[in-house]
Structure formats: C-alpha cells, structure tokens
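Inside the fold
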Amino acid sequence: KKKTQRASEAVRDLAADLLEVHAERLVRPGYAYPPDDRWQKLFEESFPFTDTPDQVQVTREVKADMVAPRAMDRVVCGDVGYGKTEIAIRAAFKAANAGRQVAVLCPTTVLAHQHFRSFQTRMAPYPLVIEVLSRFRTPAQIRDVLKRAKRGDVDVVIGTHRILSKDVEFKDLGLVVIDEEQRFGVGHKEQLKNLRRTVEVLTLTATPIPRTLHMALSGARDISVLQTPPPGRSAVQSTVTRFSEELIKHAIERELARDGQVYFVHDRVKTIQERADIVRRLVPDCRIGIVHGQLPERQIEEGMAAFFKHEIDVLVATTLIENGLDVKRANTLILDRADKHGLAELHQIRGRVGRSDIPAYAYFLVEPGQVSSDVALKRLRAIEEFSDLGAGFQIAMRDLEIRGAGNVLGAQQSGHVTSVGYDLYCRLLKRAVAELRGHAPGPGLRPERLRLGRGPQDRDLPQARVLRGRRRSDRAPRRAARPLRSAAQGPPEPPLPATRPPPGRGSRRDRDPL
C-alpha cells in the first residue's frame, strides 16, 4: 500500500507534465502545410527504389500529420535499411517546399555526414540549401552556417547535439527530425520536450527506448512501424558465444574468401590496439584499420572512407560505427564484450551487416565468467532470440520489459515501475490523467478477491485443482543454467548446428545462450 501510494503521488506530477506538453500542442494553433503539389509528387517519384507497402503507408501518415493544424509528434520505428531516412527526406522536402526550415538531429558525427550526403543527393535537382554542423567543420564554416540559418538562407541544417546549443537560431523552424533518440542524454531530451510544444517533430528509431515506446503505446505520441523488409534482404545469423581466437580467425577468413569485409567492435579505446594486434596475428594477410572517437577528426574520416572504398578488410572500431556506415560488402560482425552493451545498441550495431542479399553473420563474444548481471544475460538471450527481419520493435518491447518505462518526461528515474509493476504503474498514470482532465477516475485498483470453495455459487477453482502441502511452484523442476559454448567445441558453422536451432524455432530453452 505504501509503495502504491508513493507511486500514485509521483505519477500525478508526471501526468500533469504530460498533459501540459500535449495539451499545449493541441491548443496552440500549429502550422498546416499545404497538400502535395506537383514538385512533391515529382520528388517522391524520383526515388530510385520501389517503395515497400509500409513505406507508402507511413509516408501518408506523416504527411497527414503535417497537413493537420496541430504540431506533429510521430515516432517511425523500423529496422536499419527499411526506408526511415527516405520518409524523413520526403517530410523535410515538404517543409522546405512550403518555405520553412528543417533541423535534422543525429547522435554521432558520422551519421550526420551520412545524412548530409543522402539529403544532398536526393535534393540536388532542387534549389534547396543543405548544411551540416559537426566537429568535422571548421569554426569559420560553423559561424557562416549559423548566420545564414538565422537569416533563413539555409533550408535544411543537419548536425549533432550542436544544433541544440543556445547560439543556433532559425528564422522559421518548422520541422525537427530526430534520428535514434535513445542516443541522446537526459538534458538533450528536456530541450527536445520544449521543442515539441511548437514545431513538428519526427523521430526515427530502430529500437525506441522504453520511455518513447511507453508513450506511443499509451497514446501520448503517434507511432508508425515499418515491418516490410526490402526485396532480397535476409536475416543476420546471430550467435552468442565465448571469446575464442579460433572462432575469430575462422569468421574473418571465411568472409575474406568471398571478397567481403569485417567489423570488429571493441568498446574500450585503452585496449583496442591489443585487439587489433590479435586480429593481425591470427590473419596476417588482412588489411586492418582502427577507428575510435579519440582520434583526430580527419583520421576518423579517412579511416571510414578507406573502409568504404575496400582499402581495408577488417575495421577494428568502437561503437562509433553504430550509426552512419552503409557498406554492403561488409557482412560479418564480431562484437567483443557483448555483455557490456545495451539491447538497443546491440541491435543497432548488428544492423551494420546484412544490408544486401549476401548472407550475414554476427558473433557476440563474452569473456568466460565475466557476465556481470542477470539483466546482461537477458539482453544476450534477447539479441539471439530476436534476429529475424524486422525484429527491432520486438527488441524494444523486450527492453521495455527488462528496464521498465522510467519517467516518461523528466530527468528523474524514480524506479516506481519496478516497485509496483509496469501494469499497475500504467493504470495509476491513466487514472491520474483522467482526474486532472476532470473525468471520473474509473474503477478502483483493488483486485477482486478469489474465493476457493466447493459450492456451485462460488464459480471458482475446483477443490481438486488446489494443491495441498507444498505450493505448486515448489514442485516445478528448477531450470538449470547452461554454460556458454566453449572454444574447444570450435566455431559455429552456418547454418547453426542442430543442437542450436535457428532463431525463431524451438523452445526458448533451446535458444538460451547460457
């Protein structure tokens, strides 16, 4: 009762903030964009690929939000390579064609420049000015972009969190596109919350964070899901296993034999050179490049470009490559210390491979006996279980189960979801919103009593079904933990052995990586 009371008090304040933001969006007159004109139709028809049915539907939903006289706040959820960027480009063109400015917010410099190239390529035939703000630009170039954006001479500004700085001003900002919102910190999310009061906001994500997903599922934000894969795309075969030099050697040699490239991801700058030396010792003939965030900007850019041009066979990198690299020739991923990464990050990194019709493989390596917590084990089980095409939304749902929703709007992580349970927390929030709106709070939260008896009037469980003596849970056999596959067993050969059925088949116990 005390936990429920504390959660009720906290959730009332949360509901007030939630209502304030979204009520302000509904009450304030937003900008209603005009219907599609000839230029918009020509621009969409110039897309060099065929739209999937989901792309067509989500494009309609986004443009319908923009035409409506209220500010848009929509989440587009889809796996990497499913067409989220093209939907954002079309929305940006519609806003710029109406004379308003667009800001595209990216979590990394690499992704910002990738979007910059994509926007420039698509909008090249049209008189639109596109600029990028990142640490790869000189101070003089940044000052020039800021001046022109303030005057309204720049139509689309693409950048990292630098766009959220106080010195960045727009003459008439109409649309903000946020790519991979889960990568931004709490302080940045507070600034984004204020943006949602006045401008159209389109969020792109492969795995929405629990907070965003909860708001979408509860109706606080609109959500669209891209589930149809592009033609010819196949699922990445994912394996969680112990760290093994034999496996690393086998995986790299197999990929090089088919003229491919390999990502080797290691999350520590301090020891990344040691991992590169191991790769060089195991496969002496391969060309190795190293990229991490502490290198000079020019060196990072040169390393990425060399990998893109196939001047490098194995790119040993930190999670810097999580976003922004689209190399169709790279179809093997080796992720070291997989238990140290979040579930969304694991899925996002896996999305670097499998971007063509060539079979792709992802190996998530764990040091023996080094898995730090039960939560890490759940993440590893989930990333191996959900490896089918379009699994991003399922992974986001599992992440919501593992982590809870947190505070939907603010910086505090109160932990009330953990203390009272997700279902009860949602009911408390729903009741608080109803009370603040002046509506009846609905039925109480006290559960119905379950009576166990013999009489027909009880209509409850039969007496024969009630176990005596010990509880039913005491009689259930305990599930024994299985160890990770040892290096002595050798690297797994694709397809996966019969003892480890491919993802999506067999029982969860068969798919358990531990």
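One can find the structure itself at the top, above this paragraph.
Anyway, here's the lowdown on the structure attached to this text. Everything numeric in this text was worked out from a predicted model, so none of it was measured.

About the cut-offs
Residues numbered from 1 in each chain as written. Predicted model: local features only at pLDDT ≥ 70, side-chain atom pairs only at ≥ 80, totals over all residues. Heavy atoms only, no water. Core = buried A, V, L, I, M, F, W, Y, C linked by side-chain atoms within 4.5 Å. Buried < 20%, exposed > 50% of the residue type's maximum accessible area, 1.4 Å probe, protein only. Helix = DSSP H or I, 4+ residues; strand = E, 2+ residues; numbered from the N terminus. Contact = heavy atoms within 4.5 Å. Pairing = 2+ DSSP bridges. Salt bridge = Lys/Arg side-chain N within 4 Å of Asp/Glu carboxyl O. Axes fitted to C-alpha atoms, helices over the stretch in contact; angles between N-to-C directions.

**What to know about the nonpolar core**
Inside soluble globular proteins, nonpolar side chains tend to come together where they are buried. Ranked by internal contacts, the top residues of the largest apolar core, which has 35 residues, are Val62, Val104, Phe119, Met123, Ile158, Leu175 and Leu202. Among the secondary structure elements, those contributing two or more residues to this core are helix H3 (53-67), helix H4 (84-97), strand S2 (101-105), helix H5 (109-123), strand S3 (130-133), strand S4 (156-159), strand S5 (173-179) and strand S6 (200-205). Excluding residues within four positions of it along the chain, Leu202 makes contact with Val62, Met72, Arg74, Val76, Ala88, Ala91, Leu175, Val176, Val177 and Ile178. In this structure, Val265, Ile300, Ala382 and Ile383 belong to the second largest nonpolar core, which totals 34 residues.

**Quick word on the pairing of S5**
On a regular strand, one side chain projects to one face of the sheet and the next to the other, so that they alternate. Burial runs high along S5: 7 of the 7 residues are buried. Of the strand pairs in this sheet, S5 and S6 are connected by 5 bridges, and their pairing is parallel. Bridging from a neighbouring strand, Val176 pairs with Val201 of S6.

**Thoughts on the pattern of salt bridges**
The full count for this structure, using the stated rule, is 25 salt bridges. Note that Glu131 is salt-bridged to Arg148, the shortest N-O span being 2.6 Å. Here the residue Glu131 occupies a position in strand S3, and Arg148 occupies one in helix H6 (residues 139-151), the gap between them amounting to 17 residues. Taking relative accessible area as the criterion, Arg148 reaches 17% and is therefore assigned buried.

**A word on the sheet that holds strand S11 (residues 314-317)**
Taken together, the 6 strands give an open sheet; going across it, the order is S8-S13-S12-S9-S11-S10, and neighbouring strands pair in parallel fashion. Because the sheet does not close on itself, it has two edges, and the strands there are strand S8 (237-242) and strand S10 (288-291). If you compare each strand with its neighbour and ignore which way they point, the axes differ by 20° on average. Here 4 bridges tie S10 to S11, and the two strands are oriented parallel to one another. Note that in S11 the partner of Val291 across the bridge is Ala317. Against the sheet, helix H9 (residues 245-257) makes contact with S8, strand S9 (261-265), S11, strand S12 (330-335) and strand S13 (361-366), and its axis sits at roughly 170° relative to S12, the strand it touches most. Each of S9, S10 and S11 is contacted by helix H10 (residues 272-282), which is oriented at about 170° to S10, the strand it contacts most.

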